[in-house]
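A structural walkthrough
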Amino acid sequence: MELRKQSIKAELSALATPLRAVPSSADALMKSYYWWTGKPPEYGMCPGVDVAGKIHSLNIPNLTTCSRNEVMDYFDNSWTITEVLLSGLSSPHAFYRVPYHGLRHPLVFYYLHPAVLYVNKLRLAGLIPNAVNPDFESIFETGVDEMSWDDMSKNDMKWPELQELHKYRKATYKLISNLIQTHEGLSEGHAPITQSDPLWALFMGFEHERIHIETSSVLIRELPIECVQVPTAWPVLDLETKPSTFPPCGERDFPSNKFIDVTAQKIEEGKPASMPHFGWDNEYGHRTVALDGFTVSQNLITNGEMYAFVSSGAYLQQKFWSEQGWKWRSFRNTKFPTFWKAEGPAGYHQYKLRTTFELVAMQWSWPAVVNFYEAEAYCKWLGEKEQGTYRLPTEAEQIRLRDLLSEHHIQYQSKTGVVDSNRYNLSMMFGAERKVSSDLDHTDVAVPGDVFGNVWQWCGDDFNPLTDFAVHKLYDDFSVPCFDGEHQMILGGSFISTGDEATSWARFHFRPHFFQHAGFRVVRSTTDGGVVKLRAHEGQAKNPYETDTVLNEYLTLHFAPAEIQMPYASISSEFTHFPQRCAEKIHHWMNKLGLESKKALEVGCAVGGASFKLAEKFESVTAVDLSQSFIDAAKRIQSEGTIQFQVRTEGERTQSFEAAIDKELAARVEFRRADACALPPEFAQFDAVLMANLLCRLPSPSSCLTRMSGPRGIVREGGVLMLTTPFTWMESFTSKDLWFGGQIGNDISSEEALLQRMSADFELLEKFDMPLLIREHERKYQLIFSLATIWRRK
């Protein structure tokens, strides 16, 4: 044993040597001790590793009392869990394999993304002076929010070699370790670390990494089984002792699920600012809900219960699904939950269960892992079967279940909200889900099981801001872009939830088609339980551009003849065809500067009028927009050469028009759906970029502008960027904290702020007022004067 300790110390010493000491083969690197860029997962070496060599999570630090050693231990625990998880990939090829759904980056991105965020946020906070690798800190800065389930934009990024990323992780580990060991704010007797303290950025890095431990584990679970292996340090599975039968045979395989009545109560939501550990911005604020009584399933819905839905054929019946849920099911051709793996002939309904790294006998007593659409469909099927009304719980009802535990004197958390992982399956105590209600097996009280842990629980609420929500300046686009009515709330944490996500304050969210170790319980009730569905006045507005009326207005703006866009002689026809005028201005400057017109990007392309005009001079044009209806319309014009649209005359009356495009010219344009605040990392080195009337409609305009420059800037050095904006700031789109100007008490104008922001990396070529005319009907028009600025990157 002593020799082994000496060997480990020698290996740790070698971590400080140059990269030439690391195995040259990526495969050899993964299989060697050099894989560990921090502490190797050995008992007595890495915090959180038990005597059996299995790693578990430490509790989130108390920012009032944490010592320097405690902070270092928490960092080491986080860092090593990431590397243990990714050591479960069986070969370097698995790092670069694009997920089967094509909606997220390959795992090589998530190998470096947490380390990059540490560096970028620590720099923003002024805790470190310089970049480690500017290229990597651009490529790996922003992940992807996977939009719609049929967004099949290909991930064609050429990712760096694994050995180079390993070198970056080593350098970053050393940098962060040194910060922890030397910063005076962590000295003995330090003041409490609050949201205004620069050190908040350090703890933000810890919790961000822990979120990605979860999301990466889901991506690994989605890989073919031959792409993975069980890491030596991975926690054990709590499997049923008797092998499961096929199909399930009653209570021998899964417990019966009783319903319990819950009385009415006033519910208080929101994390107090006084809580002494890190929290994400969406957790803070408050809300009071006067909640009616309801009846809820004591257990989470098990695989055994889900089996009845699947084996009866109901899973394949459209009547049980929402419209979007059915489209998702049909598109993916799903016939049973994603992590069930069919055994035997098709339709025989024999299944095994895929965990993160293993294929095991079906655990019928474990909670079913499904997406929101599947959970909704089960509720509707159960309602028909039981002749009642069943739905998913709301956030307020989930909190009421926690209060019910307290009423029965069940201690489930500390005073600061850290949930007891000895009672609940959290913090990687096990390597997967386990039998439902294991925490209540020896109690006789009528309280719900698995209020925390095992799996996240889908709620009926949209992800939403609490009253007095405020963005944090260091991560202004963490929550706000998802207050859009397209992300569902999940609560309670899963077996792999750690740190802040393993506290009672965690409020998390995903799109309804996504998988995140999430399951559900059901509520029987005739009320809505205080469900929150976002409307235009609550937080981030639902996308207002996904309506036929707005679509036709934009088709009119982009393609209608000038005499239709403005039929009155008293208004100049020069105000019409705004998109084409933007493109012509870019052509003018490219010619004036003698620049090659090879590739252009339009961010916020709408239905493509400017994109098609750009294609007249550029060899290729990439055009992106957040609106699915806009992108669909642009692609239809592109493929068919024409599109019919309606111009409103008055009331319900319209006049039909047709737009026609040269199909050969249109073939130069690639239309994609994308978020301007999270543009794909492969977007770089464009000769020209157009962003027309977009900035004041973004949840984080600065995030978008930041991507334009830098080592992998979207605009190449010497390239042209055109911005137009009327600065029509609205809190329904952009939090007031993120406006460039226009707030009471802020003396700087939006124009002045924009010019200041851009001048560091760009030279201003031209600034002017640019009229824009939008027709609503024959006698009503919007006349807008956007500020247009044209820049050349230095």
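Report follows, based on the coordinates. (Residues numbered from 1 in each chain as written. Predicted model: local features only at pLDDT ≥ 70, side-chain atom pairs only at ≥ 80, totals over all residues. Heavy atoms only, no water.)

Take the overall build of the protein chain next. A count of helices and strands for the protein chain gives 20 helices and 22 strands. Computed over C-alpha atoms, the radius of gyration of the protein chain comes to 28 Å, within 12% of the 28 Å expected from 2.2 N^0.38 for 794 residues, which places it in the range of a compact globule. Dimensions of the protein chain, computed from the C-alpha atoms along their principal axes, are close to 85 × 70 × 55 Å. Of all intrachain contacts in the protein chain linking residues separated by at least 6 positions in sequence, the fraction that spans at least 24 positions is 76%. For the protein chain, the accessible area works out to roughly 31500 Å², and carbon and sulfur atoms hold 50% of it. In the protein chain, which carries 79 positive and 100 negative side-chain charges, the distance between the mean positions of the two groups comes to 3 Å. (Helix = DSSP H or I, 4+ residues; strand = E, 2+ residues; numbered from the N terminus. Rg over C-alpha atoms; globule rule 2.2 N^0.38 Å. Contact = heavy atoms within 4.5 Å. Areas by Shrake-Rupley, 256 points an atom, 1.4 Å probe, with all protein chains shown as cover. Lys, Arg positive; Asp, Glu negative; His and termini not counted. Charge placed at Lys NZ, Arg CZ, Asp CG, Glu CD.)

Moving on: the sheet that holds strand β4 (residues 294-297). Here we have four strands laid out as an open sheet, ordered β1-β4-β13-β8, and antiparallel in their pairing. The outermost strands of the open sheet, each flanked by one partner alone, are β1 (259-262) and β8 (390-391). Sheet topology note: the β8/strand β13 (residues 523-524) ladder contains two bridges and is antiparallel. Looking across to β13, one finds that Y390 is bridged to R524. (Pairing = 2+ DSSP bridges.)

In this section: helix α10 (residues 323-332). For α10, the complete set of buried residues consists of G325, W326, W328 and R329. Down the axis of α10, the buried set is contained in an arc of 160 degrees. They therefore lie on one face. (Buried < 20%, exposed > 50% of the residue type's maximum accessible area, 1.4 Å probe, protein only. Arc of directions from axis to C-beta.)

Taken in spatial order, the four strands line up as β11-β10-β9-β12 in an open sheet, and their pairing is mixed. If you trace the sheet from one side to the other, it starts and ends with β11 (508-510) and β12 (518-519), each paired once. Of the strand pairs in this sheet, strand β9 (residues 456-462) and β12 are connected by two bridges, and their pairing is parallel. Bridge pairing links W456 to A518 in β12.

As a further point, take the packing of helix α7 (residues 162-182) against helix α8 (residues 200-222). How two helices sit against one another is set out by the angle between their axes and by the gap between those axes. Look at α7 against α8: their axes get within 12 Å of each other, and the N-to-C directions meet at 135 degrees. Considering their axes alone, α7 and α8 lie oblique with respect to each other. Seen from above, α7 lies across α8 with left-handed handedness. Taking contact as the criterion, the partners of R169, I176, L179 and I180 in α7 are, on α8, L202, F206 and E209. Partitioned by chemical class, the residues of the contact of α7 with α8 number five nonpolar, no polar and two charged. (Axes fitted to C-alpha atoms, helices over the stretch in contact; angles between N-to-C directions. Parallel < 35°, antiparallel > 145°, perpendicular 65-115°, else oblique. Left-handed = near helix turned anticlockwise from the far one by under 90°. Nonpolar A, V, L, I, M, F, W, Y, C, P; charged D, E, K, R; others polar.)

Let's shift gears to the pairing of strand β15 (residues 620-625). Counting buried positions along β15 yields five of six residues, so the element is predominantly enclosed. As defined by bridge partners, strand β14 (residues 599-603) adjoins β15 across five bridges and the pair is classed as parallel. When the sheet's bridge partners are listed, V603 is paired in β15 with V624. At this point the chain moves from β14, through helix α16 (residues 609-614), to the parallel β15, and the crossover so formed is right-handed. Judged from the five bridges that link them, β15 and strand β18 (residues 669-673) form a sheet pairing that is parallel. Residue pairing in the sheet places V621 in a bridge with V669 of β18. (Right-handed = clockwise from strand over helix to strand, strands pointing away.)

This paragraph deals with the pattern of salt bridges. A full pass over the atoms with the stated rule returns 27 salt bridges. A salt bridge links E269 to R287, with the shortest nitrogen-to-oxygen separation between them at 2.9 Å. You can see E269 sitting in strand β2 (residues 265-269) and its partner R287 sitting in strand β3 (residues 287-291), a full 18 residues away along the chain. R287 gets classed as buried once you look at its relative accessible area, which sits at 17%. The salt bridge partner of R400 is E407, with a shortest N-O separation of 3.0 Å. Exposure remark for E407: the relative accessible area of 39% places this residue in the partly exposed category. Residues participating in the shared-partner salt-bridge network are E269, R287, E395 and R507. (Salt bridge = Lys/Arg side-chain N within 4 Å of Asp/Glu carboxyl O.)

Summed over the entire model, instances satisfying the criterion amount to 59 aromatic pairs. A centroid spacing of 6.4 Å and a plane angle of 80 degrees characterise the contact between Y307 and Y351, whose relative ring orientation is edge-to-face. Residue Y307 is located in helix α9 (residues 303-311), and its partner Y351 is located in strand β6 (residues 350-354); the two are separated by 44 residues in the primary sequence. Of the two residues, Y307 and Y351, neither departs from the other in class, the shared state being buried. With a centroid separation of 4.9 Å and an interplanar angle of 40 degrees, the aromatic rings of Y554 and F630 are classed as tilted. (Phe/Tyr/Trp six-rings, centres within 6.5 Å; stacked < 30°, edge-to-face > 60°.)

So, about the nonpolar core. Ranked by internal contacts, the top residues of the largest apolar core, which has 130 residues, are L89, L202, F203 and F520. When residues in this core are grouped by element, the largest group, 12 residues, is from helix α5 (residues 107-124). Leaving out residues up to four positions away in the same chain, L202 has contacts with V71, Y118, L122, I176, L179, I180 and L186. In this structure, L551, I564, C582 and F618 belong to the second largest nonpolar core, which totals 51 residues. (Core = buried A, V, L, I, M, F, W, Y, C linked by side-chain atoms within 4.5 Å.)

This part covers empty space enclosed by the protein. For the structure on display, the rule yields seven cavities of 30 Å³ or more. For the second largest cavity, the full set of lining residues is Q195, W200, M204, F278, G279, W280, D281, H472, Y475 and F478. Here the residues of the lining of the second largest cavity sort into six nonpolar, three polar and one charged. (1 Å grid on protein atoms, 1.4 Å probe; cavity = no way out; pocket = protein on both sides within 12 Å on 5 of 7 lines; lining within 4 Å. Points joined across faces, edges and corners; volume = space filled by probe spheres on them.)

Turning our eyes to something else, we now look at the environment of L426. One can find L426 in the loop between α12 (395-407) and β9. Here the alpha-carbon distance between L426 and F495, two residues 69 residues apart in the chain, equals 4.3 Å.

Here we come to the side chain of S87. Along the chain, S87 falls in the loop between α3 (68-86) and α4 (92-96). For S87, a relative accessible area of 14% translates into the label buried. A distance of 2.6 Å separates a polar side-chain atom of S87 from the backbone oxygen of V84. Contacts of S87, omitting those with residues within four sequence positions, involve W35, W36, Q229 and P231. (Polar contact = N/O pair within 3.5 Å; in protein donor to acceptor, adjacent residues only side chain to side chain.)

Mapped onto the elements of the fold, K435 is located in the loop between α12 and β9. Residue K435 is classed as partly exposed on the basis of its relative accessible area, which comes to 29%. Put simply, K435 and D468 are 33 residues apart on the chain and 39 Å apart in space, counted from C-alpha to C-alpha. Beyond its immediate chain neighbours, meaning those up to four positions away, K435 contacts E240, P255, S365, W366 and N454.

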